[in-house]
Amino acid sequence: TEVFLDQVALAMGKDPVALRLELLGEHPRHAGVLKLAAEKANWGTPLKAAPGERRGRGVAVHESFHSYVAHVAEVTIKKDGTIRVDRVVSAVDCGTAINPDNIRSQVEGSVGFALSAAMSGEITLKGGRVEQGNFHDYPVLRANEMPRVEVHIVASSEKPGGIGEPGTPPIAPAVANAIFAATGKRLRSLPFDTAQLKKA
């Protein structure tokens, strides 16, 4: 849905954040996290890229477990086509913040977990059997691949919502939108990798 909204914004000649805010007029908590994430990520300003590299930002917003999360992802496409997520700026409205440190940790963990699925989490079948057996052939995000994650918590007096999962769903579409911003290519299946980028 969030990738489709970016396609709609492009077709209408509108900024992706601006279009979402128009559509979220009656959804102030969605709009609140979106505005905060965009502001903290300096949405709309150009990203500097090294010679031969391309960079882009993408956004996504999502509600689950009565909590609201927006991510702005910044990616770099290296000279060899490698995709690297450099930075994720997150805004979360989970109602009354009982333990802000835990909220930040959960969102950071959600980003790492979701990026593993988005960038390398592929299960393949051969002869009716799963080929992957353990982490030697099913890679997960390593510490040196983890982007810088900045978590901003919306001050709220609403009832507390969940915080374990809500940061997970919006990261893949935010990265997909950032890849498009950098390359003009839409990647439509997970995981996002160099081979898929070359085919797009």
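Residues numbered from 1 in each chain as written. Predicted model: local features only at pLDDT ≥ 70, side-chain atom pairs only at ≥ 80, totals over all residues. Heavy atoms only, no water.

Novice: Is there a simple way to explain the sheet that holds strand β1 (residues 54-64) in this structure?
Specialist: Hydrogen bonds along the backbone pair up the strands of a sheet, which may run parallel or antiparallel. One open sheet accounts for four strands, arranged β1-β2-β3-β6; its pairing is mixed. Strands at the two margins of the open sheet, each flanked by one partner only, are β1 and β6 (148-153). Within the sheet, the average angular offset between the axes of one strand and its neighbour, ignoring direction, is 15°. Summarising the sheet, β1 and strand β2 (residues 67-77) pair through 11 bridges and their orientation is antiparallel. Paired with R55 across the two strands is T76, which belongs to β2. (Pairing = 2+ DSSP bridges. Helix = DSSP H or I, 4+ residues; strand = E, 2+ residues; numbered from the N terminus. Axes fitted to C-alpha atoms, helices over the stretch in contact; angles between N-to-C directions.)

Novice: Can you help me understand the pairing of β2 in this one?
Specialist: Within a regular beta strand, the side chains point alternately toward one face of the sheet and then the other, so they alternate between its two faces. Among the 11 residues that make up β2, 11 are buried, leaving the element largely enclosed by the rest of the structure. Burial of β2 is two-sided: the residues S67, V69, H71, A73, V75 and I77 facing one way and the residues Y68, A70, V72, E74 and T76 facing the other way are all buried. Taken together, β1 and the strand that follows it, β2, pair antiparallel across an intervening segment of two residues, in which F65 is found at a positive phi of about 55°. Where β2 and strand β3 (residues 83-93) come together, 10 bridges link them in antiparallel fashion. The residue bridging V69 from the neighbouring strand is V92, located in β3. Taking the residues between adjacent antiparallel strands as the criterion, β2 and β3 are bridged by five residues, where G81 takes a positive phi near 90°. (Buried < 20%, exposed > 50% of the residue type's maximum accessible area, 1.4 Å probe, protein only.)

Novice: Got a minute to help me understand the pattern of salt bridges in this structure?
Specialist: It is possible for side chains bearing opposite charge to pair when their charged atoms get close. Per the counting criterion, the structure on display carries 13 salt bridges. Bridged by salt links that share partners, the residues R55, R57, E74, R84, D86, R87, R148 and E150 form one connected network. (Salt bridge = Lys/Arg side-chain N within 4 Å of Asp/Glu carboxyl O.)

Novice: Can you help me understand the layout of surface pockets in this one?
Specialist: Space left empty within the atom packing is revealed by a probe, the size of a water molecule, rolled over the atoms. For the largest pocket, the calculated volume is near 340 Å³. Looking at the largest pocket, it is lined by 15 residues, and the ones nearest its centre are I83, M119, S120, L141 and E145. Those elements that provide at least two residues to the lining of the largest pocket are β3 and α4 (100-119). In terms of residue count, the dominant contributor to the lining of the largest pocket is β3 (three residues). (1 Å grid on protein atoms, 1.4 Å probe; cavity = no way out; pocket = protein on both sides within 12 Å on 5 of 7 lines; lining within 4 Å. Points joined across faces, edges and corners; volume = space filled by probe spheres on them.)

Novice: Can you walk me through helix α2 (residues 16-23) in this structure?
Specialist: Structural remark: α-helix, 3.6 residues per turn; residues separated by three or four positions point the same way. Every buried residue belonging to α2 is among P16, V17, L19 and R20, and all of these are buried. The buried residues of α2 occupy an angular sector of 160° when projected down its axis, which confines them to one face. Turning to α2, the residues buried within the fold contact α1 (2-12), α3 (28-40), β1 and α5 (171-183). Where α2 begins, one side-chain oxygen reaches toward the backbone nitrogen of V17, 2.9 Å away; that side chain belongs to D15. (Arc of directions from axis to C-beta. Contact = heavy atoms within 4.5 Å. Polar contact = N/O pair within 3.5 Å; in protein donor to acceptor, adjacent residues only side chain to side chain.)

Novice: So what exactly am I meant to see when it comes to the environment of E145 here?
Specialist: Mapping E145 onto the fold places it in the loop between β5 (129-130) and β6. The partly exposed category is assigned to E145, whose relative accessible area is 36%. Remark: the alpha-carbon pair of E145 and V85, spanning 60 residues in sequence, is separated by 7.9 Å. Excluding anything up to four places from it in sequence, E145 contacts R84, V85 and V140. There is a polar contact of 2.7 Å between the side chain of E145 and the backbone nitrogen of R142.

Novice: Help me understand the packing of α4 against α5, please; the structure alone is not making it clear to me.
Specialist: A packed helix pair is summarised by two numbers, namely the angle formed by the two axes and the spacing between the axes. α5 packs onto α4 with a crossing angle of 60° between their chain directions and a minimal axis gap of 9 Å. In this view, α4 runs oblique relative to α5, as classed from their interaxial angle. Where α4 crosses over α5, the handedness of that crossing is right-handed. From α4, V111, A114, L115, A118 and M119 reach across to α5, where they touch I171, A172 and V175. Taken together, the residues that form the contact of α4 with α5 break down as eight nonpolar, no polar and no charged. (Parallel < 35°, antiparallel > 145°, perpendicular 65-115°, else oblique. Left-handed = near helix turned anticlockwise from the far one by under 90°. Nonpolar A, V, L, I, M, F, W, Y, C, P; charged D, E, K, R; others polar.)

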